[in-house]
Amino acid sequence: ALFRALGDVRGEAVALTGIAETERISGNLAASEKLQGEAFALLQQTDDTLYRQISLNNKAQLRVLAGDWRSAAKFASDAMALGETYDYPFQLVYALMSMGWAALAKGDTQRASRIFGAVQARLDKLGVKFEPQERSQYERCRMTARETLGDAEYEAATAAGAALPWDQVIAEAHAV
């Protein structure tokens, strides 16, 4: 309300993004999606590519949780495209994680596993980790992929993804 009163569109969008994430963590996915949509609409009025990318990633994850891999892949692809336009590697990795979730939801477990391998390799290289909520979902998705493929096939797929050149990782993800 304060950001609205001040006419600070970016501030309002960032606040809505935070509230939307709180709703998602609380399990109120419909409320989270509504708020995330409002935040993204406001962000479209700004030049803030970072929060637009964060919002797109959040929308992708919400769509995966709703079982809509096609919309999730579109949002994640748009987030990846934004991430490729500026040098903030963690956000690009975050978008790749979302794309891996979409691939897994689609049933393309091999591709999802290769993406997860690339994501983990990049996280290790950057020396960073996802926040607890995303890390938990990421680990659940990796576990699902491992259970679906079996240990040997999963390990081979993640190793292949980790070894891919970065441009091929991006192409692999955009192919979802």
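Residues numbered from 1 in each chain as written. Predicted model: local features only at pLDDT ≥ 70, side-chain atom pairs only at ≥ 80, totals over all residues. Heavy atoms only, no water.

## A word on the packing of aromatic side chains
Stated precisely, the cut-off is as follows: Only centres within 6.5 Å qualify two rings of Phe, Tyr or Trp (six-membered ring in Trp) as a pair; their planes then separate them into stacked at under 30 degrees, edge-to-face at over 60, and tilted for everything else. The helix and strand labels rest on DSSP assignments: H or I over at least four residues marks a helix, E over at least two residues marks a strand, and numbering proceeds from the N terminus. Partly exposed residues are those whose accessible area sits between 20% and 50% of the maximum for their type, while under 20% is buried and over 50% is exposed, using a 1.4 Å probe and protein chains only.
The full count for this structure, using the stated rule, is five aromatic pairs. When the ring of Phe116 is compared with that of Tyr138, the centres are 5.8 Å apart and the planes differ by 85°; the resulting orientation is edge-to-face. One end of the pair, Phe116, is in helix α7 (residues 109-126); the other, Tyr138, is in helix α8 (residues 132-149), with 22 residues separating them in the sequence. The exposure class of Tyr138 is buried, given its relative accessible area of 1%.

## Overview of the packing of helix α4 (residues 49-65) against helix α5 (residues 69-85)
Note the following rule: Here an axis means a line fitted to C-alpha atoms, over the contact stretch when the element is a helix, while the angle between two N-to-C directions is reported on a 0 to 180 degree scale. Our angle categories are set so that under 35 degrees counts as roughly parallel, over 145 as roughly antiparallel, 65 to 115 as roughly perpendicular, and the remainder as oblique. Less than a right angle of anticlockwise turn of the near helix away from the far helix marks a crossing as left-handed, whereas a clockwise turn marks it as right-handed. Residue contacts are defined here by distance: any two heavy atoms, one from each residue, within 4.5 Å place the two residues in contact. Any residue outside Ala, Val, Leu, Ile, Met, Phe, Trp, Tyr, Cys, Pro, Asp, Glu, Lys and Arg is labelled polar, Gly included; the first ten of those are nonpolar and the last four are charged.
Across the interface, α4 lies against α5 with an axial gap of 8 Å and an inter-helix angle of 160°. Taken together, the axes of α4 and α5 lie roughly antiparallel to each other. When you trace α4 past α5, the crossing you get is left-handed. Within the contact between the two elements, α4 uses Thr49, Arg52, Gln53, Leu56, Asn57, Lys59, Ala60, Arg63 and Val64 and α5 uses Ser71, Ala72, Phe75, Ala76, Asp78, Ala79, Met80, Leu82 and Gly83. Residues belonging to the contact of α4 with α5 are distributed by class as follows: nine nonpolar, five polar and four charged.

## As for the packing of helix α6 (residues 89-106) against α8
In the contact formed by α6 and α8, the axes pass within 11 Å of each other and the chain directions differ by 40°. By the criterion of interaxial angle, the relationship of α6 to α8 is oblique. Crossing angle aside, the handedness with which α6 passes α8 is left-handed. Along the contact surface, α6 presents Tyr94, Met97, Trp101 and Leu104, while α8 presents Glu134, Gln137, Tyr138, Cys141, Thr144 and Ala145. Of the residues belonging to the contact of α6 with α8, the class tally is seven nonpolar, two polar and one charged.

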